[in-house]
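# Structural characterization, general
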Amino acid sequence: MLAWLVVGLVLLLWGLAVLVQAGRLQAALGTEQAERQLRGALEARLAAEGSDGLQAYVRALVTRGAMGLRYLSIRVPGGTKVAEAGAYDDLSVPMISPVYVERLRALMLEQSGERRRFDLRRDGREVARVEYIAATGAVQAVRTDAVSQLQLQGWLQIVAGALLLGIGAWTVMRPMPPPATSDLKERVRGERVNAPRRSGPEPASLEGRAAQALDRLQRGVIIVDADIRIRDINHVAEQLTGWSRDDAVGRLVYSVFHPLADDDQPLTTPAETAVRERCETPAQECRLRARDGSIHHVEMVAAVLENSAGQAEGAVLFFHDIGERRESVERLRADARRTQDIVDHLDEGVLTTDEAGVITFANARAARMFGYRREELVGATVTKLMPVPFLNMPDVRVSDYSDYSDSQTRGRLPRVVGWRRDATTFPVDLQTQTLAATEDGDAPQQVLVLRDLTQQLRKDNLSLRMGRLFDHAAEEIYVFDAQSLYFTEVNRAAQRNLQMEDGQLARMTPAMITEGIEAEALQDYYLRLRSGQTEHVHYRARHRRADGSGYPVEVRLSYSRAEEPPVFMAMATDCSERESAEARLARQAMQDDLTGLANRPSAMNALREHLRSAVQRGEDLAVIFFDLDHFKRVNDRYGHETGDAVLREVAQRLDTIVREGHFAARLSGDEFVVFFAGSSGRDQVEAFSDRLRGLLNAPIVVGEQRVGITASLGVAVFRGAAQDPVEPGDILSQADRAMYLAKKAGRDRAHIYYGEEPAQGEQQRKA
C-alpha cells in the first residue's frame, strides 16, 4: 500500500535526524573528554612544580591548540588570578581604544564556545579554580555507549523505513482482490475483535519487526480508520498518552491523543487532518496532555493510508518526545539573545556580510549610526552604506581593512566615509576579520567593526590647540591614569624642572617624584576625588629632580571621568621663591634686623617656655636684663653708624653664650636680655653675671675708633622648686627694676633678686 511507502519515507528522514543528533552528542562528549585531559594536565603540573612557570604553561596550552582551548585562567583560593591566556590576546585594532578592543576580545571568546569552570582539589581541599572556553567542534570526538546506541537507533530507523518502503512497493505491485465488503467500519471492527493480544509473542513478520524498531526508537504510532477511530497503538504511544492499547482501540483519536497549543488551547490532531484532506501533514510541535494530566512536549506528523484502489481507509500518526531537544533549543536561544545583547551594547557598529558583501547581521549601534532600522540593513550591501571608497574605487576591498594589517599598510588605504539615510556623511574607522566556513557547510563571513570618528577628529583638533597651550604653560602639568597612576602626559615645564625626558616620566608615578607627603595622604586624596566628595585638592610637597635635589611645590589635583579611561590631572607651581620670602618674613617677625638676635616677641615666647620648663624640672631660671651705660654719648660723639656697629659687636659677644644653650635677645635700643637656665644657687648666678659683664666691658674697636663701654645688669632669679608660676612680664619687670637699682648705685654693676620681692632685699656687686 502507498501508506507503507509514506511511513517508510518518514522513518528514513527521522533516522537521518537521529544520526545528526548522535553527532552533536559525540561533539559534547568530546568536550567533556577535553576537560578531563585538561584537569589531568593541570593537576600533574601543580603537583610537580606548584604555581611556578604556570603562566607560560597556560599560554602554551592555549596556543598549541591540541585541546581546542580558546581561553584558560587559573585562580587560587581567595580569588587571585595566577595565570591567564586567550586565543585573541594579541588582537590589536589601531585607532580604537584599548577598552573597546578588550570588549571585542571578550565578545569573540564568548562566540567561540561555551565558558566552563571546574575546581582542582588535593586531599579534599581546593587548590585552584579553572575557567576555560573550548571551541565547538575543535576537540577530539569520543565514542560512548550512549552515542553508539543513538547511532544504532538511527540506522535501525533507516532500516525500518527501508523495509516499510519495500513492503509498500511490493504491496502496490501485487494485484489485490477487492474487499469482500465495502463497509470499512465493519471490517475494522472485525479486525479489532480478531486481532491477537500484545501479550502474545512478538510477530516474526516484516511488519512486526518494523513495530519493534519504532518502539526501540521511542516513536509513538497510532493508526486510525476512516472514522478516525483508533485501530492500533504501539507501546511508546501507550506511555506518552497514558492509555493502554485495550482501552484505546475503538475510541476516537482525539479522546486519547490530546494536543495543546502553548496557550493550552486544544489542537486538531494531525490524524484528523490527514483523513479529512487526504494528505500528509507537516511536522508540528505541541504539548501533549496524558491521561493522568502530565504534559509532554512532542513533535507529531500524520500520513494518510490508502488501499490499492486509492481509497482512504485511515491514517497513521507518528509522534515522539522532544523535551530534551526543546530544552537544548531554549538554551541555545537564550545564549543567542545574550550574545546579541552584548553586541548591541557595544559602542562600535558591528556588521556581518557574505562573500558578495551583502549584510546578514547588524547590531543596534550600526543601525543608529546609519539611521536605518536593523531589518532594513539586513540584505543591503556594504557599498550602499560606505560608497567611499568601495563604490568609487573598485580595486579597494573590504578585506583590505583587516585588523591584521600593519600600520604602514593601513596608512596607505583611503579613508572610509559612511553615508547615512538622510544623505549626511561621517568619517569611519573600519576593522574587518574573516570568519572561516563552519563544519555545517556555512559559507565564510566577514565581520566589520565600525566606529564613528566625528567626535574623535573634533577632539584631536582641539587637542592640537590645547597641546600648544599645555606645553607653553608656566606651571608643571601632569596627567596620569586613575588606575595605574602612571603618567600619560607631562608638559615641558615639568620636564624642565625635573630635569627628565618624556620617556623617563612615562614609566613613573606621582609618588616617585614626590617627597614631604605621606603615601597614605595621597591615596586619601585620590579616593576623595574618585568618590566625588570634592572636585579639587590642594596640598604642598617637594618634587625631586633627577640629580636628587628637591624644590617645594604647591599642587592642585583634580579628577576627570570624561576621559576613557578616567585620569587625574595635577598642576604644580614651584614655590621656592615664595617659601624663601615667607621664611624671610618669619625671621623678620621674630628676629632683630640690626643684630640678628631674637626680638622682643620672640623673647617673650622663649621666656614663657623657660618658665614652664623650670617649674617642671624644679630648677632655677635667672633672667638678666641690661643696657649699655651712657650709650647716648657714643651716638652723640661717634655717630649712629658707630653706635650700630657697637650694638652688632655686643650681639656677636652674646652669641658665645647662645651657643652654650642659653638665650639672648635685643629688646629695644641698647636693652638686652639673657636667660640663664639650670643654676643651682646664688654663687652660680653671680659667677655667670660676672662673666657676662666681663664680655661686655672689653673695649670695642670700630674702624679707627676705640670705644669703651660698660653695662648695668639687673637679675631676677625664678626658683622653680620654691615659687609659684609667674607671668613672663612679671619676672622681666623684676629684672628691669633690679637694673634700675644697679644704675642708681653707680652703674657698671649687677643687682640680683634671688627668689624674693624687690622690696625685701637687695644686693649690689661692683667689678
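Residues numbered from 1 in each chain as written. Predicted model: local features only at pLDDT ≥ 70, side-chain atom pairs only at ≥ 80, totals over all residues. Heavy atoms only, no water.

### Focus on the overall build of the protein
Cut-off, in case you're wondering: Comment: elements are numbered from the N terminus, with helices defined as DSSP H or I runs of at least four residues and strands as E runs of at least two. Summary of the burial criterion: residues with accessible area below 20% of their type's maximum are buried, those above 50% are exposed, and those between are partly exposed, where the area comes from a 1.4 Å probe applied to protein chains only. Throughout, a contact is declared for two residues whenever any of their heavy atoms are within 4.5 Å. The Shrake-Rupley method, run with a 1.4 Å probe, gives the accessible areas here. Residue values count only the displayed protein chains as cover.
On a plain count of helices and strands, the protein comes out with 27 helices and 29 strands. Per-residue burial over the protein gives 42% buried out of 767 residues. Of the contacts made within the protein by residues no fewer than 6 positions apart, 57% connect residues no fewer than 24 positions apart. Roughly 41200 Å² of accessible area belongs to the protein as shown, and the carbon and sulfur atoms make up 50% of that amount.

### What about the pattern of salt bridges?
To keep things clear, this is the line we draw: Salt bridge, as used here, is a side-chain nitrogen of Lys or Arg placed within 4 Å of a carboxyl oxygen of Asp or Glu.
Within the structure shown, the criterion is met by 32 salt bridges. When the shortest N-O distance is used, the salt bridge between glutamate 277 and arginine 276 registers 4.0 Å. Classification of glutamate 277 by relative accessible area gives partly exposed; the value is 47%. One salt bridge in this structure joins glutamate 554 and arginine 578, with 3.2 Å as the shortest N-O distance. Of the two residues, glutamate 554 sits in strand β20 (residues 550-560) while arginine 578 sits in helix α22 (residues 576-590), which places them 24 residues apart along the sequence. On the basis of relative accessibility, which here comes to 29%, the residue glutamate 554 falls in the partly exposed class. Its relative accessible area of 37% is what places arginine 578 among the partly exposed residues. Linked through salt bridges whose partners overlap, the residues forming this network are Asp262, Glu285, Glu299, Arg325 and Arg326.

### A closer look at the nonpolar core
What counts, and what does not: Grouping buried Ala, Val, Leu, Ile, Met, Phe, Trp, Tyr and Cys residues that are joined through side-chain atoms within 4.5 Å yields what is termed a nonpolar core.
By size, the foremost hydrophobic cluster in this structure holds 33 residues, and its most contacted members are Phe626, Leu628, Val646, Val650, Leu654, Val674 and Leu692. The biggest single contributor to this core is helix α25 (residues 640-659), with seven residues. Sequence-distant contacts of leucine 628, that is, excluding residues within four places in its chain, are made with Val646, Leu647, Val650, Asp670, Ile709, Thr710, Ala711 and Lys743. Among the nonpolar cores identified, the runner-up in size contains 27 residues, and Phe480, Leu485, Leu522 and Val553 belong to it.

### Some points on the pairing of strand β28 (residues 749-754)
Rule in force here: By the criterion used throughout, a crossover qualifies as right-handed when its path from the first strand across the helix to the second strand runs clockwise, the strands pointing away from the viewer.
Of all six residues making up β28, six are buried, and the element is well covered by its neighbours. Since strand β27 (residues 711-719) and β28 lie parallel, the crossover through helix α27 (residues 728-744) that links them has a hand, and here it is left-handed.

### Let's talk about the sheet that holds strand β14 (residues 425-435)
The condition that has to hold: We treat two strands as partners when DSSP finds at least two bridges between them. Orientation is described by lines fitted to C-alpha atoms, with helices fitted over the stretch in contact, and by angles between N-to-C directions that extend from 0 to 180 degrees.
Across the sheet, which stays open at both edges, the five strands sit in the order β12-β11-β15-β14-β13 with antiparallel pairing between neighbours. The sheet terminates laterally at β12 (359-362) and β13 (416-419), the two strands that pair on one side only. Ignoring which end each strand starts from, the neighbouring axes of this sheet average 35 degrees apart.

### Some remarks on a nonpolar patch on the surface
So the rule is basically this: Any residue with relative accessible area above 30% and no salt bridge may belong to a patch, with like charges joined within 9 Å and the nonpolar Val, Leu, Ile, Met, Phe, Trp and Tyr side chains within 5 Å.
A cluster of nonpolar side chains, namely Leu9, Leu13 and Leu16, defines an oily patch on the protein surface of about 290 Å² accessible area. Judged by its relative accessible area of 52%, leucine 13 is exposed.

### A short note on the confidence of the model for the protein
Selection criterion: Think of pLDDT as the predictor's per-residue confidence, scored from 0 to 100.
The share of residues in the protein with pLDDT of 70 or more is 79%, and the mean pLDDT across the chain is 81. Within the protein, the lowest mean pLDDT, 43, falls on strand β29 (residues 764-766), and the highest, 95, falls on strand β7 (residues 258-260). Here residues 138-143 is a poorly scored stretch, pLDDT under 50, and it has 20 contacts once near neighbours within four places are set aside; other chains count. This model gives residues 759-767 a pLDDT under 50, and the stretch forms 25 contacts once residues within four places in sequence are excluded.

### Regarding empty space enclosed by the protein
The criterion, for reference: Here a cavity is any set of points on a 1 Å grid over the protein atoms alone where a 1.4 Å probe fits but cannot get out, and a pocket is any open set with protein on both sides within 12 Å along at least 5 of 7 lines; a residue lines the site when it has an atom within 4 Å of a point. Grid points are joined across faces, edges and corners, and a volume is the space filled by probe spheres set on the points. Residues are sorted three ways: Asp, Glu, Lys and Arg are charged, Ala, Val, Leu, Ile, Met, Phe, Trp, Tyr, Cys and Pro are nonpolar, and all the rest, Gly among them, are polar.
All chains considered together, the criterion is met by two cavities of 30 Å³ or more. Counted as a void, the largest cavity has a volume near 80 Å³. What lines the largest cavity is a set of 13 residues, among which Tyr478, Pro510, Tyr539, His543 and Ala570 lie closest to the centre. Breaking the lining of the largest cavity down by element, the ones donating at least two residues are β16 (476-481), α20 (510-513), β19 (536-544), β20 and β21 (567-574). Grouping the amino acids of the lining of the largest cavity by side-chain chemistry returns 11 nonpolar, two polar and no charged.

### Details of the sheet that holds β21
Judged by pairing direction, the sheet is antiparallel, and its six strands sit side by side in the order β17-β16-β21-β20-β19-β18 without closing on themselves. Edge positions in the sheet fall to β17 (487-490) and β18 (514-515), since each has one partner strand and no second. Across six bridges, β16 lies against β21 in antiparallel orientation. Bridge assignment links valine 479 to a residue of β21, and that residue is methionine 569. The strands that helix α21 (residues 519-530) touches are β16, β19, β20 and β21; relative to β20, the one it contacts most, it runs at about 25 degrees.

### Some details on the environment of arginine 287
With respect to the secondary-structure elements, arginine 287 resides in strand β8 (residues 284-289). When the C-alpha positions of arginine 287 and proline 266 are compared, they lie 9.5 Å apart, and in sequence the two are 21 residues distant.

### Looking at the packing of aromatic side chains
Just so we agree on the cut-off: Two rings from Phe, Tyr or Trp (for Trp, the six-membered ring) form a pair when their centres are within 6.5 Å of each other. A pair whose planes differ by under 30 degrees is stacked, one over 60 is edge-to-face, and the rest are tilted.
Applying the stated rule across the entire model yields 14 aromatic pairs. Relative to phenylalanine 675, the ring of phenylalanine 663 has its centre 5.1 Å away and its plane inclined at 15 degrees; by these criteria the two rings are stacked. Of this pair, phenylalanine 663 sits in strand β23 (residues 663-668) while phenylalanine 675 sits in strand β24 (residues 671-679), and the two are 12 residues apart along the sequence.

### Some words on α27
Worth spelling out the cut-off: Here the expected span of a helix is defined as 1.5 Å times the quantity of residues minus one.
Taking 1.5 Å per residue, 17 residues should reach 24 Å; α27 reaches 25 Å between its end C-alpha atoms and fits that length. When α27 is considered as a whole, its buried residues turn out to be Pro728, Ile731, Leu732, Gln734, Ala735, Ala738, Met739, Leu741, Ala742 and Lys743.

### With respect to the environment of leucine 346
Structurally, leucine 346 can be placed in the loop between α11 (323-344) and β11 (349-353). Overall, the relative accessible area of 8% leaves leucine 346 in the buried class. Taking the C-alpha atoms as reference points, leucine 346 and arginine 103, separated by 243 residues in sequence, lie 7.8 Å from one another. Every residue in contact with leucine 346, bar those within four places of it in the chain, is listed here: Arg103, Leu107, Asn363 and Arg365.

### Let's talk about unusual backbone geometry
Cis geometry marks the peptide bond from valine 388 to proline 389; its omega dihedral reads 10 degrees. Along the chain, the position of proline 389 falls in helix α15 (residues 387-390). Positioned with a positive phi, isoleucine 228 is a non-glycine residue whose angle comes to about 50 degrees. Mapped onto the secondary structure, isoleucine 228 falls in the loop between β5 (220-225) and β6 (230-233). Unlike most non-glycine residues, aspartate 264 shows phi in positive territory, near 70 degrees. Tracing the backbone through its elements, the reader meets aspartate 264 in the loop between β7 and α10 (270-277). Classification of aspartate 264 as partly exposed rests on a relative accessible area of 45%.

### Considerations on helix α24 (residues 631-638)
Counted only if it meets this: Within this analysis, the arc is defined by the directions that extend from the helix axis to the C-beta atoms.
Where α24 is concerned, the buried positions are Phe631, Val634 and Asn635. For α24, the angular spread of the buried residues around the axis is 95 degrees, confining them to a single face. Looking at α24, the residues exposed on the side facing more than 90 degrees away from the buried face are Lys632, Arg633, Asp636 and Arg637. Against the buried residues of α24 lie β22 (620-628), α25 and β26 (705-707).

### Let's talk about the packing of helix α23 (residues 600-617) against α27
To be explicit about the condition: Working definition: roughly parallel below 35 degrees, roughly antiparallel above 145 degrees, roughly perpendicular at 65 to 115 degrees, and oblique for all remaining angles.
Contact geometry for α23 and α27: axes closest at 9 Å, N-to-C directions at 105 degrees. Considered as vectors, α23 and α27 are oriented roughly perpendicular to each other. Between α23 and α27, the contacting residues are Arg600, Met604, Leu607, Arg608 and Leu611 on the first element and Pro728, Gly729, Ile731 and Leu732 on the second. In the contact of α23 with α27, the residues fall into six nonpolar, one polar and two charged.

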